[in-house]
Amino acid sequence: MSQSNRIDGGQIDRSRTLKFQFNERWLTAHPGDTLASALLANAVRLVGRSFKYHRPRGIFSAGSEEPSALVQLRKGAALEPNTRATTIEMFEGLSATSQNHRGSLEHDILAVNDLLSPFLSAGFYYKTFMWPKAFWEKLYEPIIRSAAGLGKLSGMEDPDTYDHGYLHCDVVIIGAGPAGLAAALAAGRAGLRVILADEDFRMGGRLNAETYAVDGMDGADWALGVIAELAIMNNVRLMKRTTIYGAYDHGIFGALERMTDHLPDSGDKPRQVLWRIYSKRAILAAGATERSMAFGNNDRPGIMLAGSVRTYVNRFGVAPGRKIAVFTNNDDGLKTAEDLRAKGIDVTRIIDAREGDVVVNTNGRKGLNTIFLNRGRHVEADCLAVSGGWSPNVHLSSHHRGRPEWRDDIAAFVPGGELPPGMVVAGAAAGTMTLAATLAEGHEVATRVATDLGKSGSLATAPRASDEIFATAPIWHVKESKHRAWVDLQNDVTTKDITQSYREGFRSVEHLKRYTTLGMATEQGKTSNMLGLAVMADASGKTIPETGTTIFRPPYSPVAIGAFAGRARGKNFRPTRRTPSHNWANENGASFVEAGMWKRAEWYARPGEKSWRDSVDREVKATRNGVGICDVTTLGKIDIQGHDAAEFINKIYANAFLKLPTGKVRYGLMLREDGTVYDDGTTARLSETHFVMTTTTANAVLVLRNLEFARQCLWPDLDVHLISTTDAWAQFSVAGPKSRALMQKVVDDLDLSNEAFPFMACTTCTVFGGTPARLFRISFSGELAYEIAVPARYGDAMIRAMMAAGEELDLTPYGTEALGVMRIEKGHVAGNELNGQTDARMIGLGNMVSRKKDFIGAALLDRPEQVREDGLQLVGLRPIDQDVILTAGAHFFVEGDPEDMAHDQGWMTSVAYSPELGHSIGLGFLKRGRDRHGERLRAFSPIRGQDVMVEVCSPHHIDPEGDRQRG
Amino acid sequence: MIIKHPLLGPRDAAEFVYLGDANMIKRPEGFGENVEEAMYEHVYLRENPAGEHHELWYHEQGDRSWLVVTRNTLTHEISSVELARDVARRKGRSK
Amino acid sequence: MADIPLTAAPALGDVNLTFASCVLTERTDIALISVATPHAGYEALAAKIKDVWGLSMPGASASLNAGAMRAIPLAADQMMLAFTPDGGLSETSVQAELTDVAYTTMQTDAWAIIELSGAGATAALERICPLDLDPQTFPNGAAARTMMEHLGALIIRLEADRFLLMSARSSAQSFLHAVETSCRWTAP
């Protein structure tokens, strides 16, 4: 049996034969086929099982609206569930399997659900599985979960890649059917930059599926000619296999282009590209979707939309059946019979609902064989072509605020209300249901857009075709039918479910939708919404427009999550920043920690060290006893220049800066306008008009943003200019009693004695015989320390030269952990303390804050919470039992007090093991902390299960007088 | 969204950072008790209308200019975009 | 003090990659000095750069070229001078020329610079650059700061199919990866 249903004609390439697999069975097809057309050509009718009742399902449509023929495509990790067979372009070796059955497709064990259907109606979850309560978690939910869902994921990582991209145009035309092609031709000839996108792999829309003539030639040939003309226009971009899935603000559209889905192998290229299209105007020419009618057992394989039957016959050269009946409520259905007869296919009966003939039931267990009509008649048929009229594809018109409007003459909703700005609608999407009118409208709309955008209208005239008759009668539901009648084939929603939910009080369409699951999942109501609405209108005795409509949200059709993620996967989830000494650190045993986007060395492990603590303790000791070096490039650096630079900085920092002398550095405390500490750092004055501000690593970008705000919005006439130099300078901290000896070997001809270059001095200089540098005498560790900066290009050479120069001093590189230990030992605050709730008083810097100037945060320094007598103050903590390792986050309680909020005394913010003191130490906030040095408290951490006694002490665990850093 | 930068033309909103109500330009000057109340209002009270709103946006991934964008929060329609520096000067801010 | 002249390391290791329809090269020969215009100092600065390099002040969206010197707009009151240092022209000499008329900052080390050229350059950029690079809207000389793959970037069109792409030095490897991936994925 090879393509036994293949007939003459169609736009397929019969010169080539492709092999493909369905349920492990090899079949053949031709290029130009979809999986659906190929299955039909091979007389495969049963392709899946329905969602709830596991009823046999076949191919219902020929496009992206397909609710039934969902399959698993490809194998292994690349397996993709719930793909619509009607949209899968055939390729050599394609493999698909049916889904949603237990056991084989032919003998699905869960088909028993169909017999249980009286219990599985709308809302059955909520009613059936209510008690006993304990059964829910243990029994009901696992069973429901295992039976629910359609396809199955591979469970493996998606092996494909996805990409994003940006496109710009004057007009984006959505849909390349007759209206879209006519519009593209007019817009392209007028010189507009045009993007023409269509979800199909062959442009032309219904022209490919029908037998109409345009401009005196076959419609499909006319489409080919237009596409050929557009293809050579530089100002037109043709995007087939591209779904415009969403209309966003200001003319931005989301588009998914399937790049390699139609190829056996992606060739290491992205499978799909998610485009962001920027447009000045949009023409929605998305066509219309045919809908069915509800009658008894209308879900069997072989029952198909009439327009889709024509598609298979005319476009794919496939007979969906050999004895086909037509059931219609409009003239379009009659066209189906005409086309079938023209191909020599037996049309067993035309059942025109307008003449009082209706289908009440069907028979055929795994595929249609008999149709029962009213008045006791029946017809033999293996295919029933149903046309319940066409619904304009209004989706994108309602993505903003558009609300579709009802039109009685076509019994359908058309775009209405406020369309997305810049959008116009043409063709069937606008409710223009006949070909000649559609072509004229596409042309006319595009000409108007061109004029609007300042391009003189095209000289060309609209394409011409003869107009067919389109008369429809709104017949939705065959009420004579006693059998279950499906409204939503995908979610197994029947007319009974809708009337029942109405009886149960669900009066809003939106509620109906959620209660019955009507129009959910991949189909999104394309074939089912109208029918559901009509049945509900009938139940409520209202008209359809009175009943309402559900509006549509993006995406128009399913978009894989991978496409939204694009390249942002794994290590490419976000960018990585590296310090200038990264390569050197990597060669020297560093492990790295992520600090924002930065990778910073956290410690340098040496052979024999068993844990990170060994490395960190060694680094701290070596620095405190000798000299250590640490890359501090990540701290934000902002170049501030201008005649008013000093005045500007004085307005930013809470402490005085106006009189900072050239050649000096000062610690700066930055507040928010509400008085809370925002950031801190040092700022150096390089000249009268030139400062370099440093910020914390985390706030580098934010501080620059705030400075720009102050400069542009608050004090716009200050002459001050900013530029980030964070990346421009490789900066190293050199700390420890031997740091002066080291720096003397590094810098050229500079007196580093305490007198000549004291604590908080800075200068420009050169290093290692001429390389330009900046030297600062600042200390975070509390030791005698320097920071030396060289242009970043010399950073790698600099660390290597420094290490060589420091060899005889046993220069030791240290990482962020040792840095953290030393700052806790010294009692310097960092992110743990500056958490957005801290003010200057709390960290002991209340006196530093100026009371003599206006600056950011000056006005709200004395809010009641900040001046309360029992306010929190920074303290040091040490364990009474020196073997105890303290934990951050522990709360302080007076011994004997209950552990509750009323008795809470404060909390531990930072902890470290101090190699110098030989025990664990902490910093914390304690009520009236500065008056309580020496007091013993409980440090209680229920989360970590710790309850230990600590003694309150000065936060400066070492060198409280600061002699070392000044020495 | 697209913001029509007064100097650079239309740019994707992704290049910008949103701050909020443009009244933040009107910072009370001075310090001490006399400005406390005014500063309290400046810091904590913001306009948040359903409709036309003057907002501050920062072109961080661009020319680092602060802009005052007049945007309808219901429709996202942007009716005007100005350099915040010009607005600030117009409102009498200087040094 | 030890005399060990430090060697400069290129941000991207002098990368040079050829793809089917474009070429990606690190430019290590370009020095950068940012130049901020003092308040009420536009005329003086404009006169100075005209006098010294025959250069005009750039507009908001277009860089200008005169001889060895290119002026690239950065902000409303800030531009970048880009040049290839040679005998007479160095970072120090350029800064010295402008001492009295502008505020300058050395920026050479803050950026990594990639030159992307070839018939496929714009197709590659379509995947990462949100700007409209149509020659009508982004002609030769056009310059803009924007965001590519979450990284700040400066793009300058030198010729129809030749661009300079600049991004921060510390994240240059990520930027290179972004551009390289685009070139690879859009190769015909």
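A.B. asks: What's the story with the interface of chain C and chain A in this structure? I'm lost.
C.D. replies: One frequently used descriptor of interface size is the decrease in accessible area upon assembly of the parts. Across the boundary between the two partners, chain C contributes 50 residues, which contact 57 residues of chain A. Counting each side, the surface lost to burial between chain C and chain A is near 4,300 Å², with a carbon and sulfur contribution of 53%. Taken together, the links from chain C to chain A amount to 7 salt bridges. Arg127 of chain C is the salt-bridge partner of Asp163 of chain A, the closest N and O atoms lying 3.0 Å from each other. Taken together, the connections running from chain C to chain A amount to 33 residue pairs in polar contact (both at pLDDT 80 or more). Sorting the residues of the side of chain C that touches chain A by element identifies strand 3 (31-36), strand 7 (103-106) and helix 4 (172-186) of chain C as the ones contributing at least two each. Examining the composition of the side of chain C that touches chain A, we find that 8 residues originate from one element, helix 4 of chain C, more than from any other.

A.B. asks: For this particular structure, what's the right way to read the domain arrangement of chain C?
C.D. replies: All names here are of chain C. Splitting chain C by domain gives domain 1 (16-28 + 110-185) and domain 2 (31-109). Computed over C-alpha atoms, the centres of domain 1 and domain 2 are 23 Å apart. With 12 residues of domain 1 in contact, the opposing surface of domain 2 contributes 12 residues. Summed over both partners, the interface of domain 1 with domain 2 comes to about 990 Å²; 55% of that surface belongs to carbon and sulfur atoms. By the criterion of area lost to domain 2, the three top residues of domain 1 are Ala110, Trp111 and Ala143, representing 39% of everything that side buries. The interface formed by domain 1 and domain 2 holds 6 residue pairs in polar contact (both at pLDDT 80 or more) in total. Of all elements in the fold, only strand 8 (111-117), strand 9 (143-148) and strand 10 (151-159) reach the threshold of two or more residues within the side of domain 1 that touches domain 2. Sorting elements by how many residues they give to the side of domain 1 that touches domain 2 places strand 10 first, with 3 residues. Per-class residue counts for the side of domain 1 that touches domain 2 are 9 nonpolar, 1 polar and 2 charged.

A.B. asks: Explain the nonpolar core to me, please; I cannot follow it from the model alone.
C.D. replies: In summary, soluble globular proteins display a tendency toward joint burial of nonpolar side chains. Residues and elements named next belong to chain A. In this structure, Phe20, Phe22, Leu35, Leu39, Ile59 and Leu94 are the most contacted members of the largest nonpolar core, which totals 43 residues. For this core, the secondary-structure elements that each account for two or more residues are strand 1 (18-22), strand 2 (25-29), helix 1 (35-41), strand 5 (70-73), helix 7 (306-315), strand 18 (323-328), helix 8 (331-342) and strand 23 (383-387). It is helix 1 that contributes the most residues to this core, 6 residues altogether. Beyond its immediate sequence surroundings of up to four residues, Phe20 is in contact with Arg25, Trp26, Leu27, Thr28, Ala29, Leu35, Ala38, Leu39, Asn42, Met90 and Leu94.

A.B. asks: Whenever I open this one, helix 1 (residues 33-44) of chain B confuses me. Can you help?
C.D. replies: One full turn of an α-helix is made of 3.6 residues, so residues set three or four places apart face in the same direction. All names here are of chain B. The terminal C-alpha atoms of helix 1 lie 17 Å apart, and with 12 residues this matches the ideal 16 Å at 1.5 Å per residue to within 8%. Turning to helix 1, its buried residues number three or more, namely Val35, Met39, His42 and Val43. Along helix 1, the residues classed as buried sweep out an arc of 85° about the axis, all on the same side. Of the exposed residues in helix 1, the ones pointing more than 90 degrees away from its buried face are Glu33 and Glu37.

A.B. asks: Quick question: what am I supposed to make of the sheet that holds strand 21 (residues 370-373) of chain A here?
C.D. replies: Backbone-to-backbone hydrogen bonds join strands into a sheet, with any given pair of strands oriented parallel or antiparallel. Residue and element names in this part refer to chain A. Read across the open sheet, the 3 strands follow the order 20-21-22; overall the sheet is antiparallel. The two strands at the open ends of the sheet, each matched to only one other strand, are strand 20 (359-363) and strand 22 (378-380). Strand-to-strand, the axes of this sheet are offset by a mean angle of 20°, without reference to chain direction. Where strand 21 and strand 22 come together, 3 bridges link them in antiparallel fashion.

A.B. asks: What is the right way to read the environment of Leu40 of chain A from this model?
C.D. replies: Residues and elements named next belong to chain A. With respect to the element layout, Leu40 can be found in helix 1. Taking C-alpha positions, Leu40 is 27 Å from Met530, a pair spaced 490 residues apart along the chain. Discounting residues that sit within four places of it in the chain, Leu40 has contacts with Asn5, Ile59, Met304, Tyr312, Val318, Ala319 and Pro320.

A.B. asks: What should I look at first to understand the pattern of salt bridges in this one?
C.D. replies: As a working rule, side chains carrying opposite charge can pair if their charged atoms are close by. Tallied over the entire structure, the rule returns 79 salt bridges over all chains. With a closest N to O distance of 2.6 Å, Arg89 of chain B and Asp717 of chain A form a salt bridge. Placement of Arg89 of chain B in helix 2 (residues 84-90) and of Asp717 of chain A in the loop between helix 18 (700-714) and strand 40 (721-724) is noted, with the two residues assigned to different chains. Notably, a salt bridge pairs Asp862 of chain A with Arg841 of chain A, separated by 2.5 Å at the nearest N-O pair.

A.B. asks: Would you take a moment to explain the pairing of strand 9 of chain C for this structure?
C.D. replies: The two faces of a sheet get side chains in turn, since along a regular strand they alternate between them. Residues and elements named next belong to chain C. Taken across its 6 residues, strand 9 has 6 buried, putting it largely inside the fold. Going residue by residue along strand 9, you find Ala143, Arg145 and Met147 tucked away on one face and Ala144, Thr146 and Met148 tucked away on the opposite face as well. Sheet topology note: the strand 9/strand 10 ladder contains 6 bridges and is antiparallel. Paired with Arg145 across the strands is Leu154, a residue of strand 10. Joining the antiparallel neighbours strand 9 and strand 10 is a turn of 2 residues, in which Glu149 adopts a positive phi near 45°.

Reading the values: rules and limits
Residues numbered from 1 in each chain as written. Chains lettered and ligands numbered in written order. Predicted model: local features only at pLDDT ≥ 70, side-chain atom pairs only at ≥ 80, totals over all residues. Heavy atoms only, no water. Contact = heavy atoms within 4.5 Å. Buried area = accessible area lost by both parts, 1.4 Å probe. Salt bridge = Lys/Arg side-chain N within 4 Å of Asp/Glu carboxyl O. Polar contact = N/O pair within 3.5 Å; in protein donor to acceptor, adjacent residues only side chain to side chain. Helix = DSSP H or I, 4+ residues; strand = E, 2+ residues; numbered from the N terminus. Domains from an automatic or database assignment. Nonpolar A, V, L, I, M, F, W, Y, C, P; charged D, E, K, R; others polar. Core = buried A, V, L, I, M, F, W, Y, C linked by side-chain atoms within 4.5 Å. Buried < 20%, exposed > 50% of the residue type's maximum accessible area, 1.4 Å probe, protein only. Expected span 1.5 Å × (residues − 1). Arc of directions from axis to C-beta. Pairing = 2+ DSSP bridges. Axes fitted to C-alpha atoms, helices over the stretch in contact; angles between N-to-C directions.

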